[in-house]
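The primary structure of each chain is shown beneath.
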Amino acid sequence: MKKVIFMVVAAMLALTTAAQAQNYKSWKAPKDEPDLLRASALAYVGYNFLENAPMGGVALGLNCYCVRAEVDFGFSSLKTPTLDQKRHRLTYFSPSIGLSFGDKYEFYGMVGFTTWGYIATTEVTECARDKFHKDLLHCRLKVGSNIMISDKFFVNVDLSYMIPKSSEAGYVYFDNLALRAGIGYRF
C-alpha cells in the first residue's frame, strides 16, 4: 500500500511540475550564460524498493559546463530480522561525478560510491551474536533530472542503483534501488 501511495504522489508531483515548467519563460539558455558554473542544494525523500525502506536527505551539487559533481548526506533504515533490533537506522554519505546536459530541463548520469550497512555474523566476528555495521563502501550509479519551476527553484527526480558486493560467508549485504524526489535551489 505504501508503494502505491508513493507512486501516486510521485506521479502527481511530476505532472504538476511539468505543467508549471511549461509556463516558466525566464530561464537562460546555455549559450547565453558565460561561465556555466552552477551550485545547487536539494532536499529529497525516496524509497529503496529492494529493501522496502524509506530514505531522505540533502544533496549539494556543482555543475561546471557538462560535468556535474554531487555529495549526498542521507538516512534510511534496514530491516534486520536476525538481530534483536528489527530495524537499524543508518546515515550514508555518497559523493558522485558524471555528465549533465540542459538548463531548464537538466538530465544527468553519474557514478560514485556510497556507505551502506551490512551484518557481520558470528562466523566472522567470533562474538555471541551478529553485529550491524554502517561503513561498507559500494559503487553507485545514478540517473536523474532537475526541472526548473522558477528562476531559482527546481524539482528533482532520480533513480539510483547500488552495485552489491559479492556474497561472502559470514556477511549479510543489503541492496539498494532507490527512486527519489525533491525540491532544490540553484545559486
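Before reading on, note that the structure itself is shown above.
These numbers come from a predicted model, not from an experiment.

Here's the deal with the environment of Gly 170
Argument step 1. By the secondary structure assignment, Gly 170 is in the loop between strand S7 (153-162) and strand S8 (171-173).
Argument step 2. A sequence separation of 47 residues divides Gly 170 from Glu 123, and the C-alpha atoms of the two residues are 5.2 Å apart.
Argument step 3. Look past the residues within four positions of Gly 170 in its chain and what remains in contact with it is Ile 119, Ala 120, Thr 121, Glu 123 and Val 124.

Overview of the nonpolar core
The tendency in soluble globular proteins is for nonpolar side chains to be buried side by side.
Argument step 1. Leu 78, Trp 116, Phe 132 and Phe 174 are the most contacted members of the largest nonpolar core, which has 15 residues in total.
Argument step 2. The set of elements that each furnish at least two residues to this core consists of strand S1 (37-48), strand S2 (53-64), strand S4 (87-101), strand S5 (105-120), strand S6 (131-148) and S7.
Argument step 3. In this structure Phe 174 touches Glu 51, Leu 78, Lys 79, Thr 80, Trp 116, Gly 117, Tyr 118, Ile 119, Phe 132 and Met 162, once residues within four positions along its chain are discounted.

Considerations on the pattern of salt bridges
Argument step 1. The final tally for this structure, using the stated rule, is 11 salt bridges.
Argument step 2. Notably, a salt bridge pairs Glu 70 with Arg 68, separated by 2.5 Å at the nearest N-O pair. In this structure, Glu 70 and Arg 68 share a single accessibility class: buried.
Argument step 3. Lys 142 serves as the salt-bridge partner of Glu 70, at 2.1 Å between the closest nitrogen and oxygen. With Glu 70 in strand S3 (residues 67-79) and Lys 142 in strand S6, this residue pair connects regions lying 72 residues apart in the sequence. Lys 142 shares its class with Glu 70; the two are buried.
Argument step 4. When salt bridges that share partners are traced, they join Arg 38, Arg 68, Glu 70, Asp 72, Asp 103, Glu 106, Arg 140, Lys 142, Asp 158, Arg 180 and Arg 186 into one network.

Some remarks on the side chain of Ser 40
Argument step 1. With respect to the element layout, Ser 40 can be found in strand S1.
Argument step 2. You can call Ser 40 buried: its relative accessible area is 9%.
Argument step 3. For Ser 40, the contacting residues outside a window of four places in its chain are Ala 59, Leu 60, Gly 61, Arg 68, Phe 154, Tyr 185, Arg 186 and Phe 187.

Side note on the pairing of S7
Argument step 1. Direction of pairing for S6 relative to S7: antiparallel, over a ladder of nine bridges. Looking at the pairing, Lys 142 lines up with Ser 160 of S7.
Argument step 2. Taking the residues between adjacent antiparallel strands as the criterion, S6 and S7 are bridged by four residues.
Argument step 3. Note: S7 against strand S9 (residues 176-186), 10 bridges, orientation antiparallel. Within S9, the residue paired with Leu 159 across the bridge is Leu 179.

Criteria and thresholds
- Residues numbered from 1 in each chain as written.
- Predicted model: local features only at pLDDT ≥ 70, side-chain atom pairs only at ≥ 80, totals over all residues.
- Heavy atoms only, no water.
- Helix = DSSP H or I, 4+ residues; strand = E, 2+ residues; numbered from the N terminus.
- Contact = heavy atoms within 4.5 Å.
- Core = buried A, V, L, I, M, F, W, Y, C linked by side-chain atoms within 4.5 Å.
- Buried < 20%, exposed > 50% of the residue type's maximum accessible area, 1.4 Å probe, protein only.
- Salt bridge = Lys/Arg side-chain N within 4 Å of Asp/Glu carboxyl O.
- Pairing = 2+ DSSP bridges.

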